[in-house]
Every structure is written in C-alpha cells, then in structure tokens.
Protein chains: 2
Amino acid sequence: MPTRPPARNPQRRAADRSDASLASLPKSPALEIYDTTLRDGAQAEDVSFSVDDKIRIAQKLDDLGVHFIEGGWPGANPKDIEFFRIIKTIPLQHASVVAFGSTRKASNPVDKDPTIQALLSADTQTITLFGKSWTFQVTDALGIALGKNLELIKDSIEHLKSKGRRVFYDAEHFFDGYKADPDYALKTIRAAVAAGAERIILCDTNGGSMPWEVGEICRAVQAECSIPLGIHAHNDCEMAVANSLMAIETGVTQVQGTINGIGERCGNANLTSIVPNLQLKMKRPGLGDRLGRLKDVSGFVTEIANLMPNKHQPYVGDAAFAHKGGVHIHAVLKNPATYEHIDPAMVGNRQRMLVSDYAGRSGILEKVESYGLTIAKDHSKVAELVETLKERENQGYQFEGAEGSFELLMRKAMGNHTPSFQLLGFRVVVERKQDDGTSSSEAMVTVKVDETVAHAQGTGAGPVNALDHALRKSLERFYPELREVKLLDYKVRVLSANRGTESKVRVLIESGDHKDKWGTVGVSENIMEASWQALADSIEYKLLARDRSSDQSSP
Amino acid sequence: MPTRPPARNPQRRAADRSDASLASLPKSPALEIYDTTLRDGAQAEDVSFSVDDKIRIAQKLDDLGVHFIEGGWPGANPKDIEFFRIIKTIPLQHASVVAFGSTRKASNPVDKDPTIQALLSADTQTITLFGKSWTFQVTDALGIALGKNLELIKDSIEHLKSKGRRVFYDAEHFFDGYKADPDYALKTIRAAVAAGAERIILCDTNGGSMPWEVGEICRAVQAECSIPLGIHAHNDCEMAVANSLMAIETGVTQVQGTINGIGERCGNANLTSIVPNLQLKMKRPGLGDRLGRLKDVSGFVTEIANLMPNKHQPYVGDAAFAHKGGVHIHAVLKNPATYEHIDPAMVGNRQRMLVSDYAGRSGILEKVESYGLTIAKDHSKVAELVETLKERENQGYQFEGAEGSFELLMRKAMGNHTPSFQLLGFRVVVERKQDDGTSSSEAMVTVKVDETVAHAQGTGAGPVNALDHALRKSLERFYPELREVKLLDYKVRVLSANRGTESKVRVLIESGDHKDKWGTVGVSENIMEASWQALADSIEYKLLARDRSSDQSSP
C-alpha cells in the first residue's frame, strides 16, 4: 500500500466533489467488470428468475456496458440451458455471455462428464470453471486425494480449450485455502495456468476475509502468477466491496459481482457500489458516461427480482442523497458538497429533502416553496402544518414517496384547497362461494360533487380493486379526465406487526397519467379504509393538477 | 500494515472457522464501542423514535455491553431533552450515556450559547462535541474566518470542562478536511486537545473515503496527536465497516456506529458487523460472551424502528447462514465449515436450508426428513412434491418463513394428512357509514367438521381481523385448544407491483401458542382469499401438532 503524503489542495471546488486527492497511482487501465447477477445473484434467498427475466436483465447489463455476463450453470438448472439457447440469438453491444460450471467429477472421464458436456452445449466463447483450492474442501467436501484434484483442474480446462473455448478459472475458497496451506493453493493455480486458463479469479467464497488479508494474498499470488487475476468476494463480513477494491489496488484486473450485491447468504460484491467507487474515487475507466444509468439498472433488477428496494443503498438508493437533519438541510441548501460526496446525477440519482421533526421549520418551508407556494417564515400556518405533520407521522403516515398526499395536506393547512368531491360512504362485499370455491368482490360507493349525490358499483379481482373501480365510475361522469389515470403500484405495509390481524396498515399507491406520476398514502387498522384514503387522495391530486394547469393557461 | 507471511495450518479444524490466521499483531486491548443509534441512527429516512423507544433501546444496548450510548442532541429535538431526563433515573450496567451537540455559535458568548446550555442540562458525565475541520465548511457553511473556528472549538470545550464534564471531540468532515488542507485540519485537533478533550474522533461525515486513505490519514494523525483517537464512518461508498476496521488496525481505539448501520443517507458504520469482525476475526476483546445477543439486539432495533429486516445482513440476517445452491447444501450437510465462515451461534444466529429449484431433490429430501418423515430417494412422491413446490413458487408462494404451510403441503403430497375441517364459504362486508364516517367489518364463515356443518359470525378492526374471529369461532366448538392460538404477525406483500390494485398479494401469518410458533402463507389477487389461506393453514397446523403429540403419548 502506498504511503506517499497526501496531495494538498488548499481549497477544493464544490463541483469537484468526486475528486479523491489521495487516489492511487495510475495502474493498468484494462479492467474487466464481470457480472454474475444471473448466476450467483440467483442464489439469493427470495430470488427466482424466469428465463425471460434473465434475458431482460442480460440486455440491461449489456446496455450498462459490463464486459462479461455470467448467465448461469447449464445443467444444474433446466432454466439455464434455455437461457443460453435464447441469448445467443440476441445481439449484444458490449458484453460477452459466459457459462459457469465445475471441474469434472473425479469418477468421470472428462469427455463423458455431464457438467463439462453441458458447458460446451451452452455454446459461449468463454467458460468460467470453478475448482477447489482449499485442502479441507478437497479431502472433506469432494473426498478425493489432493493430487487427484490437480488432475481434475488440468483435464477439465485442457478439454474445454481443445474445443476452442476461452477459460477463466474460479479458484473457489482461495483465501481460506491459502491461509490453511499456501503451497497447495498456489499449486492449483499453477495447474490451471499450465492447462491454458486466461484468468485466475481468487474467490473469497465464504466471505470471511478482511481487506488487509486480501491485499496481502493478492500481492503474494501476483508474484507467482503470470496471467491476469480476478477477485470474487462475498459479503459475510460486510467487506465484499472493500475486499474487491483492495484487490484492484494491488493490480488485480477483473472484478466479479452482482447488481445490488444480491447473492447467497449475505450476497456477493455489489457492483452498484464497486463501479462508481472505481470510476469516481479511484479514477479507473469503469463505464464512462453509462454510469448515469446505474440507478436505473439497479431499480430494474430489484423490480424483476421482486425484492424490496433498499433505499439506503450507496449511490443508487432513494435515500443516498436524502437529507433529514436540520444542520444538514441548512448546509446542503447553501452548497450540496457540504454533505454529498459526489454529484448524485453522475449515477442517475437525485437530492431529496425529507420532512421530519429534526428538519423543523426550515425544512418544511423549503418543501412548501418547492410546490410553488410562498409563505412567510413566521406565518401561524407553518406551525400548524408542522403540528399536523407530526400528528400524522405519529399515526404511521409517511410522506416520503407520497408527495401527492403531502401536497394535499399542505394546501389544506394553508387554506387554499377546495375538495373536488366528498365521499359519503362505501360498502365492500367479498364472498367465497360454497359450491365452486370461487371468490367475488364487489363495492358500492356514494359520492357528492357540488350538490349532486352519485352512486356507483364496481367489481374486481379483490376488494381494493373493486373499490377502485367503483370510485372511478362514480366520479368519471363529473371528471372525464380521470379515465386516463392508471394505478401503477400498490403497496401494503403492516405497522406495529405484533398485533396480528388487528395491526394498523399503511397503503401506498402510485398513480400516473400520460405525463406525471404521483404517490399517495392511507393509514388505518382497516385495510379498506387505508386503501380508500390513498385512492381518494390519488384522484384528488389528479384533479388538483388539472386545476393548476388551467390556472397557468388563463391569461 | 503488517506484511508478515501467513501462518501455515495444513488442516484447519472445522470448529475453528472463526480463526483468522493472518489476524493482526496484538494491539492495545482497550477498545471502546460507542453506539449512536439513538442520535445519528435516528437521522435515517423512515426512522422516528419516541422517547419510550429510545429508553428501551438504551437498555438493550446496555445489556449488549457497549461502552457509550449517544442518546441525542438536547435542544435540537424536544424528545431528546426528555430522554436525558428519564435515562438518568435508570441504572445501567455497562454503558455511559453521552449527550451530543455542536460547538457554540460564533455570535454567542460560550456561557450564553443555547446549545452549550442544553448540553450541560442533559446532565451526562461525558459530552461529545462536534466542530469543523474542513476549511470549506468553515468558510462556506459557517461563514466565519478560519481562526474564529479554532476559537469556537477551544472555548466550547474549555467551558464544558470547567463544569466538570469529560469531552470527546468529533472532528466533522475530518478526512475531507485533511485531504483539502492537512495543516488546518490538524490545527483544529490541536485546539481541541489543548482545551482538554479526552478523545478525538475522526469523522468521514460524507462517507466518501476509501479504506487506504483512512488508514494513511489515521497514521498521520496519530503521529501528531497524544490522546486516543476514534473513528466515525458513513456508508456512502459501502466502506463504513472497512474504514472503521482499517482505522482500528492503525491503532485507533474508539469505534462509533449504529445497530444495523441505520443513519442518514446510506447509514452509519454498522456495529452489528464491526463488533463480530473485531472479536472473531481480529481477536480483539469486543463484547465477550454477550456477542451471542447480537442477533436479538439487531432484531429489537429493527422492530422498534419499524423497519423491514434485511435478511441478507452480515452475521445477524436470517439469510446470513442460509443455503440454497445444491452444491452448497450438499457440502454444508457434511461439514458446515465448507460454506460458513463462523459458527452462527456465536452471534445468536442459526443455519437454514432453503427450498428452491437449485436445491433439487437432495434439498427436498433433507427438508422432508427434518420433519421426521422418511422416504426413499427414488419414491415417485418426491418428484410430485418437487413439481408441486415449483408450481406454488411460480404462483408467488414462498415457504421460507412459512414452514407451517410447507409441512402441510408436504404431508398432503406424501398422502399422510387428513384435514381437520373443510371450508364451505365465507362472506366479508366492510362498510363506511354515510352519517358518522366510521367503518365496520363483519365476516360470516361456513365450515364442515366430519359431517357437521357450522356457521359463525365475527366482527373486527378490519376485514381480515373479522374473518379471523369468525373462523376461530366456527371451529372452537370442535377444537377448544384453538383458544390458545395467538396471531403474532401479519404481513402483506404485493407481488408483480406494476398491476396496481389488481396485483397478486402474498400474506404471511405468524401464529403461536404457549410453546410453539409457526408461519403460514396464502397468495391470491384477492387479499381476503390470500388471508383466508394463511389463516386456515395456521389452524390446520395447530391441529396437526395436537395430533402429533397425542400420537407420541399413545402407548
């Protein structure tokens, strides 16, 4: 590790927040970003990709500009064979698709080994083959002699090479193996190099290593190995990103990881943090301009994997540049560099100001003004609004992600909002029939617009869907523009979970029309009531936007 | 950083998985764990602690054995004044409670400064005071001269010392400040030391530093500073844990962080990873035996903060020792050290085997056997069960966390389950009254037990609660033991979110009686139908457990 004194920049420019003045000395620019979201990422609990999911993610990764996409282990999972069959018919711009699998079984001749055959059938230019480096794994997990393992590595690689494939060799458990018996661990690598492997990837398979160990061992291997090295880290000590970058600092040139760090146990090294760190902090080439797509790709994978987004995720999370503390909000409004380490736009993210008791009046005023309303700091309505917000937050409301409800609340508190309709009542019936076991849902609503009372009935896939249909039907005759509103997302969060089915629930709805999107919220012990609140706010917000645009168009 | 050659352990014992043979040379054993969950953690988006929440968390942290608990910023938030008033009446075993705040304002004399007064009123033995180290922050955020800032630091610390308090000095933005102007950054520290501070905490406030920078700068400061140093890192580059441990490797002795890493933007350094890394990997004292409470404390804070647990969290997440890949499951069954870096019990966690298409037959058989059933590997029912599971998973069912439903499904597939009751139908009505705006929920169910048909009606806080009440009522006359079943948790997850209120939902229910807990699941586009499935499985599972225990008691 270099210990040169830090550069002295008496005053950094605010715009230059990404400048790491202690960044390492220039290294070889060749750096390969190897994504294994579709293979190791799919090992994560709760993740199960369909073939179509995998194809869509592969195309997105290609757009992002990664160099390699590990598509799966053909043979271990029938889906993966199908994936490789389809992906080769799709032209990719930047990435090569790689098949992954193990060295042959000790009991099979290499040309009869089903894993090796399936790898060849996947028909990729490059194959990543993994084998054992740790004596304990060879003798205990495989149950074979140490010399035999070296044969498996050599045979398997030579066979794939003889069929015209490039081979990357994943040295599984390398760091544990090296700590236990460095001579044997290095022997496995020499066997792979001699057999024709083009990369040796050092794997911290169990994720148990510390960054200084990784740095030290990478340096030791580089002294012994003539071909480029890679790093494949797991996050069991929350060190996967640090371990990967530490390896690159020592001269390793291929970095393996997954989008959002998904993977078995605690996940794989998170490319969504590694790549911006490389590019913005270590000044390595990375993805160039395409880095601005990072947040989009992260969200896409979360969506396809059907996971909860982690809003605190570095660089790409919704909270990564969100400010809540009063001191922070105050300073960031003066100059974002005070509490933001990079310009969020560089990774496709944005700054947000949150509403909370810590933010106080200046935060609220900032919010009020961001909606185009002006108000004096000492206006009595501000105190009232702060009180209302606190009370709502205590009840479980949350306005982050529900800006539509927040704006309505604010306009009501400021006294400049006239409701477009009034709900008089609703009745929802869900029935499961005795004879055929099918369920039906029906809703009836009564609304009042000006002095007209209207009723409507709706059915749906479930009770909330039925309520949604009935509500729109009752209002569309008054406001035909509601026909263009679509419900994009519906989320239910159980609050105070320990009260079972009596718990409060919070419903968040995202709606959209041809040009905007807005979020609204409802909270109640009754899921129908909470859904009603969010649905009603969604419609009210749409009508508010209409009023606003007609204001603007008036002379 | 030491570069001594690694120790050679030709064969590690499986039980000794936590042994890090490259661990650093012995350092000073004095190491302070400083928790700021209640102050910096409370800055996280979505987190809002009540005073009672804060008291309960403080007691839990004390049980865990941390050395310092930063309780809040008295004055910045009215809750925090109340917290300090109450906490001093509660005896703690291990921890000292610390108040946090800023140096005085430039325009106030120190003895008239409201922040300084509020800090003294909190009546703690130790106060952590933060001040500016980065020239840019002094001139742009505070808008004062560089020399003036040194005065604020000196005055504020001297005043607190004169009132008999210990002072820790948080050097905000220290790493950015040092990179920009090391001389000035060091001057601020010298001012704090001269004024009587007992610790200087180097803060990576914006979370933008790399571990090698942190190591280098910590070493440089130690060469200049006579008193113990601390590290306060943020996670904006996913480096907070690595940066904290790198600082400790260089000799820093106080580590600040939060439980689960909660905090503003991307969060603070995660003590839940730092402490086991220190204790199990770096062989530092840490928390001793109390480390086994770590998972419990992590879950407690998640619960109180009402956040979604991160199952992939290192050490303490539910998936941290969960195995899904076929190769991994096979090896871990032979010896857990193959894919687990430590024994999960050391942090209060446990091993889990997941069911998935990657796990295949051997995983399923393992599961079947874990329920005390035996079956031949080639039995046709195994293939059938695998098919059924895949089909259910495709529909959105998930059996991780719903072991009750899984066991029922398995027993049905194996043909050794007789249902205790049959549901003939249900009808649920939710009504919001036109006159007073109140909502009511009512459910009617019809069940059949043996040849008897029974009806029951129930009301509740919402429709699911009403259905739950009606269902139990209809069955309690046949199975009085159902009275002891309690619903502990109710979770709703919207699947395929982009279909709005027409989306499928998955309902997970956790139930318990005086001795057991079990999870059950239901999936449907209709939330009532999904809830019904999970409720029915919960009751069926309870009755199954009864059958099992009466089997065992028969001669």
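What you see is a predicted model, and the numbers here were worked out from it, not measured in a lab. (Residues numbered from 1 in each chain as written. Chains lettered and ligands numbered in written order. Predicted model: local features only at pLDDT ≥ 70, side-chain atom pairs only at ≥ 80, totals over all residues. Heavy atoms only, no water.)

### Concerning the sheet that holds strand β16 (residues 517-524) of chain B
Residues and elements named next belong to chain B. The three strands lie next to each other as β14-β15-β16, forming an open sheet whose pairing is antiparallel. One side of each edge strand has no neighbouring strand; the edge strands of this open sheet are β14 (486-494) and β16. On average, each strand axis in the sheet is inclined to that of its neighbour by 15°, with strand direction left out of account. Of the strand pairs in this sheet, β14 and strand β15 (residues 505-512) are connected by eight bridges, and their pairing is antiparallel. Each residue of the ladder has a partner; that of K486, found in β15, is G512. (Pairing = 2+ DSSP bridges. Helix = DSSP H or I, 4+ residues; strand = E, 2+ residues; numbered from the N terminus. Axes fitted to C-alpha atoms, helices over the stretch in contact; angles between N-to-C directions.)

### Some details on the domain arrangement of chain A
Reports of interface size often rely on the accessible area that becomes lost once the parts have come together. Taken as a whole, chain A is organised into domain 1 (32-304), domain 2 (382-420 + 479-549) and domain 3 (421-476). A C-alpha centroid distance of 53 Å is found between domain 1 of chain A and domain 3 of chain A. (Domains from an automatic or database assignment.)

### Points about the interface of chain B and chain A
Taken residue by residue, the interface counts 149 residues in chain B and 153 residues in chain A. Both faces combined, the contact of chain B with chain A buries some 12700 Å², and carbon together with sulfur accounts for 51% of it. Seen at the junction of chain B and chain A, the total is eight salt bridges. A salt bridge links E45 of chain A to R352 of chain B; the nearest nitrogen and oxygen atoms lie 2.8 Å apart. Our count for the contact surface shared by chain B and chain A stands at 48 residue pairs in polar contact (both at pLDDT 80 or more). Of the residues forming the side of chain B that touches chain A, the biggest block, ten residues, is contributed by strand β11 (residues 422-432) of chain B. When its residues are assigned to classes, the side of chain B that touches chain A shows 63 nonpolar, 41 polar and 45 charged. Where strand β11 (residues 422-432) of chain A lies against β11 of chain B, seven bridges are found, and the strand directions are antiparallel. By the bridge assignment, R427 of chain A is partnered in β11 of chain B with E431 of chain B. (Contact = heavy atoms within 4.5 Å. Buried area = accessible area lost by both parts, 1.4 Å probe. Salt bridge = Lys/Arg side-chain N within 4 Å of Asp/Glu carboxyl O. Polar contact = N/O pair within 3.5 Å; in protein donor to acceptor, adjacent residues only side chain to side chain. Nonpolar A, V, L, I, M, F, W, Y, C, P; charged D, E, K, R; others polar.)

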